[in-house]
Number of protein chains: 2
Amino acid sequence: MKYAIKFAYDGRDFSGFQRQPDDRTVQGEIEKVLSIIFQEEVALHASGRTDTGVHALNQVATFCPAIFIKEEDLTRALRRMLPRDIKLVQLCRCSEDFHPRFDAIGKHYRYICSLEDHLFERPYVHYLKVMPDMERILRAAAFLIGVHDFRAFSNRRRGERDTRRDLWAIEVSQRKERIFFDLYGDGFLYRMARVIVQYLLHVGRGKIDPEETPQILASGSREKTRLCAPAHALYLMDVYYRFDPFA
Amino acid sequence: MKYAIKFAYDGRDFSGFQRQPDDRTVQGEIEKVLSIIFQEEVALHASGRTDTGVHALNQVATFCPAIFIKEEDLTRALRRMLPRDIKLVQLCRCSEDFHPRFDAIGKHYRYICSLEDHLFERPYVHYLKVMPDMERILRAAAFLIGVHDFRAFSNRRRGERDTRRDLWAIEVSQRKERIFFDLYGDGFLYRMARVIVQYLLHVGRGKIDPEETPQILASGSREKTRLCAPAHALYLMDVYYRFDPFA
């Protein structure tokens, strides 16, 4: 029996996604609830991890319990039992072949900045004191789009060899006091979304010339992209599959 | 030297307002910062406490340090040192006679309900599965306005003798999926705002007849007003003074 779930979480009170023996994590909390429902240990397999503090609107995962529970009943049980900061969006049975990580063909991340420092938004957006130069940001972003080795725009993770990714699009938009960075690509390296956003903000503040971007990409070095934007304003918006298990 | 401050806080991660030896409280955090700035113990006196989980947009308090620091410098120091979930709104020197609690002539509380269950709003609004009957709510609210003994609509607090209060107004309004309860009065008993909101929601769900309200008020009993609405959706919006120290 294989189930696929789509779920959202508020990353604020989690020590990241991945199960940890002593910390509260998203995977840990969901597995705990599943294990109570199915009365056995149930492992969750997600499309990927997110860092501590990062949120998700449509994370995808699967699990394979030994017994069958009707989708409606399982949905209702999960909705009732999941903690307040995890929300089940959708649940369905899926093919035994479906693998949320290996079958993912792309992802969408959103980073939210705000030019106003609202107290109740502090845990969810990144406050900018000064409006960045959008034209410069767009010029730099254009150089990042496409297939590149993104080593200069990510942290190294042990065992990660292939650092080429296809960044399909970067949309930068403003609505009232908010500035959105929407990144779409076939995959994201460790910290890649946050390093790119921080770099674009730097460019937007006039600290780096947008035209330097190709050289920085080619250098493969983090010298000019040392920082990464804070985690609490990053959202995993969507995971794309050729055959959507939820369709 | 006496200073008055107006400040906002996100009640989520505090064990209420009032200083506690072992818990993180709003008063405790502000006093900690003040004591670092002034290098002596500085006590904060607020317009009143708020319960665990309750938020504030414009809480008012005073403190009297031994030394003088210029308003701009003190403002800057506080803004830099206060934790992320407390935000200084305004700071000024005030008359030695000004007392934020005894001089308050009224308060405004807002309670926010939502008909949509948005994950990231869960810590800040009270989700309603069903739209309540606004006409019934307004009929019941009309009976509560004015000078009454609000014993039936509050928890008893030790030492509280006079339970008469003047509830100036209750505004109930809807904007998109949100329903706002705005309560204005010369003072609020312990839990009074939340007991009133919970009662009005009960009336709005058809559980109690709006016309029973005068009897319930007169009874002084909590029999029909046993529950109180959850704390995390209540906001202290404003404290009113005859002579506004911030004007």
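Residues numbered from 1 in each chain as written. Chains lettered and ligands numbered in written order. Predicted model: local features only at pLDDT ≥ 70, side-chain atom pairs only at ≥ 80, totals over all residues. Heavy atoms only, no water.

Undergrad: How would you explain the overall build of chain A if you had to name every residue and give the values?
TA: Tallying secondary structure elements over chain A gives 5 helices and 10 strands in all. In summary, chain A has a C-alpha radius of gyration of 19 Å against a globular reference of 18 Å for 247 residues, a match within 12%. With respect to the principal axes defined by its C-alpha atoms, chain A has extents near 60 × 40 × 35 Å. A burial count over chain A gives 55% of its 247 residues as buried. In chain A, once contacts between residues fewer than 6 apart in sequence are set aside, the share between residues at least 24 apart is 73%. When the accessible surface of chain A is summed, it comes to about 12,000 Å², and 48% of that surface belongs to carbon and sulfur atoms. Distance between charge centres in chain A, computed from 39 positive and 35 negative side chains, equals 2 Å. (Helix = DSSP H or I, 4+ residues; strand = E, 2+ residues; numbered from the N terminus. Rg over C-alpha atoms; globule rule 2.2 N^0.38 Å. Buried < 20%, exposed > 50% of the residue type's maximum accessible area, 1.4 Å probe, protein only. Contact = heavy atoms within 4.5 Å. Areas by Shrake-Rupley, 256 points an atom, 1.4 Å probe, with all protein chains shown as cover. Lys, Arg positive; Asp, Glu negative; His and termini not counted. Charge placed at Lys NZ, Arg CZ, Asp CG, Glu CD.)

Undergrad: Pulling in residues and values, what's your account of the pattern of salt bridges?
TA: For the structure on display, the rule yields 30 salt bridges over all chains. A salt bridge links B:Glu121 to B:Arg178; the shortest N-O distance between them is 2.8 Å. With B:Glu121 in the loop between strand 5 (104-114) and strand 6 (126-127) and B:Arg178 in strand 9 (residues 178-185), the pair connects residues that are 57 residues apart, well separated along the chain. Classification of B:Glu121 as buried rests on a relative accessible area of 19%. A residue is classified by how much of its surface remains accessible, and B:Arg178, at 25% relative accessible area, is partly exposed. A network of salt bridges, in which partner residues are shared, links A:Asp10, A:Asp13 and B:Arg12. (Salt bridge = Lys/Arg side-chain N within 4 Å of Asp/Glu carboxyl O.)

Undergrad: How would you summarise the domain arrangement of chain A if you had to cite specific residues and measurements?
TA: All names here are of chain A. If you check the domain split of chain A, you get domain 1 (3-101) and domain 2 (104-239). Taken over C-alpha atoms, the centre of domain 1 sits 27 Å from the centre of domain 2. Listed by partner, the interface residues are 19 residues for domain 1 and 17 residues for domain 2. For the pair domain 1 and domain 2, the two sides together bury roughly 1,400 Å², of which 49% comes from carbon and sulfur. A salt bridge links Arg191 to Asp51, with the nearest nitrogen and oxygen atoms 2.8 Å apart. Inspection of the region where domain 1 meets domain 2 yields 10 residue pairs in polar contact (both at pLDDT 80 or more). (Domains from an automatic or database assignment. Buried area = accessible area lost by both parts, 1.4 Å probe. Polar contact = N/O pair within 3.5 Å; in protein donor to acceptor, adjacent residues only side chain to side chain.)

Undergrad: Any chance you could break down unusual backbone geometry for me, citing the residues and the numbers?
TA: Residue and element names in this part refer to chain A. Phi at Gln39 is positive, roughly 55°, even though this residue is not glycine. Counting through the fold element by element, Gln39 comes out in the loop between helix 1 (26-38) and strand 2 (45-46). For Arg191, which is not glycine, the phi torsion reads 70° and is therefore positive. Arg191 sits in the partly exposed class, given a relative accessible area of 26%.

Undergrad: How would you summarise helix 3 (residues 134-144) of chain B if you had to cite specific residues and measurements?
TA: All names here are of chain B. Residues Met134, Arg136, Ile137, Ala140, Ala141 and Leu144 constitute the buried set of helix 3. Across the axial projection of helix 3, the buried residues extend over an arc of 155°, all falling on one side. Next to the buried residues of helix 3 lie strand 7 (146-149), strand 8 (164-175), strand 9, helix 4 (192-204) and helix 5 (213-219). Positive phi appears at Gly146, one or two residues downstream of helix 3, with a value of about 110°. (Arc of directions from axis to C-beta.)

Undergrad: So what's going on with the packing of aromatic side chains? Which residues, and what values?
TA: Counted by the stated rule, this structure contains 24 aromatic pairs over all chains. Between A:Tyr124 and B:Phe120, the ring centres sit 5.5 Å apart and the planes meet at 80°, which makes this aromatic pair edge-to-face. Of this pair, A:Tyr124 sits in the loop between strand 5 (104-114) and strand 6 (126-127) while B:Phe120 sits in the loop between strand 5 and strand 6, each in a different chain. The buried category is assigned to A:Tyr124, whose relative accessible area is 7%. (Phe/Tyr/Trp six-rings, centres within 6.5 Å; stacked < 30°, edge-to-face > 60°.)

Undergrad: If you had to explain the side chain of B:Gln27 to someone new, which residues and values would you point to?
TA: Inspection of the secondary structure assignment puts B:Gln27 in helix 1 (residues 26-38). Leave out the neighbours within four places in its chain, and B:Gln27 touches B:Phe17, B:Gln18, B:Arg19 and B:Leu44.

Undergrad: Let's hear about the relation of the copies chain A and chain B: which residues, and what values?
TA: Between chain A and chain B, which share one sequence, the superposing operator has a rotation angle of 180° and an axial displacement of 0.0 Å; the RMSD is 0.0 Å. Interpreted geometrically, this transformation is the action of a two-fold axis. Here 100% of the contact residues of chain A are again contact residues in chain B; the copies associate through an equivalent surface. (Least-squares fit on C-alpha atoms with pLDDT ≥ 70 in both.)

Undergrad: Kindly report on the pairing of strand 10 (residues 234-241) of chain A, identifying the contributing residues and their values.
TA: Look at any regular strand and the pattern is simple: side chains alternate between the two faces of the sheet. All names here are of chain A. Most of strand 10 is tucked away, with 6 of its 8 residues classed as buried. Across 2 bridges, the pairing between strand 3 (residues 55-63) and strand 10 is parallel. Among the inter-strand pairings, Ala56 is bridged to a residue of strand 10, identified as Leu236. (Pairing = 2+ DSSP bridges.)

Undergrad: Tell me about the environment of A:Ile208, residues and numbers included.
TA: Residue and element names in this part refer to chain A. Among the secondary structure elements, Ile208 is positioned in the loop between helix 4 (192-204) and helix 5 (213-219). The spatial distance from the C-alpha of Ile208 to the C-alpha of Ser15 is 33 Å, given a sequence separation of 193 residues. Sequence-distant contacts of Ile208, that is, excluding residues within four places in its chain, are made with Arg136, Tyr199, His202, Val203, Ile216 and Lys224.

Undergrad: Let's hear about the nonpolar core: which residues, and what values?
TA: Of all hydrophobic cores here, the largest spans 73 residues; its most connected members are A:Phe63, A:Phe153, A:Phe181, A:Ile196 and A:Leu200. Ranked by residue count, the leading element in this core is helix 4 of chain A, at 9 residues. Residues lining this core come from more than one domain, with at least three contributed by each of domain 1 (3-101) and domain 2 (104-239) of chain A. In contact with A:Phe181, other than residues within four places in its own chain, are A:Tyr109, A:Arg110, A:Tyr111, A:Cys113, A:Ile137, A:Glu171, A:Val172, A:Val197, A:Leu200 and A:Leu201. B:Val60, B:Ala193, B:Leu200 and B:Ala233 belong to the second largest nonpolar core, which has 72 residues in total. (Core = buried A, V, L, I, M, F, W, Y, C linked by side-chain atoms within 4.5 Å.)

Undergrad: Go over the environment of A:Ile137 with me, naming the residues and quoting the values.
TA: Structurally, A:Ile137 is set in helix 3 (residues 134-144). For the pair A:Ile137 and A:Tyr199, spaced 62 residues apart in sequence, the C-alpha separation works out to 9.0 Å.

Undergrad: Requested: an account of the interface of chain A and chain B, with residues and values cited.
TA: In this assembly, 22 residues from chain A lie in contact with 22 residues from chain B. Between chain A and chain B lies a buried interface of about 1,600 Å² when both sides are counted; carbon and sulfur atoms form 53% of it. Among the residues chain A hides against chain B, the three largest losses belong to A:Arg84, A:Leu119 and A:Phe120. Together they make up 39% of the total. Between the two partners, chain A and chain B, sit 4 salt bridges.

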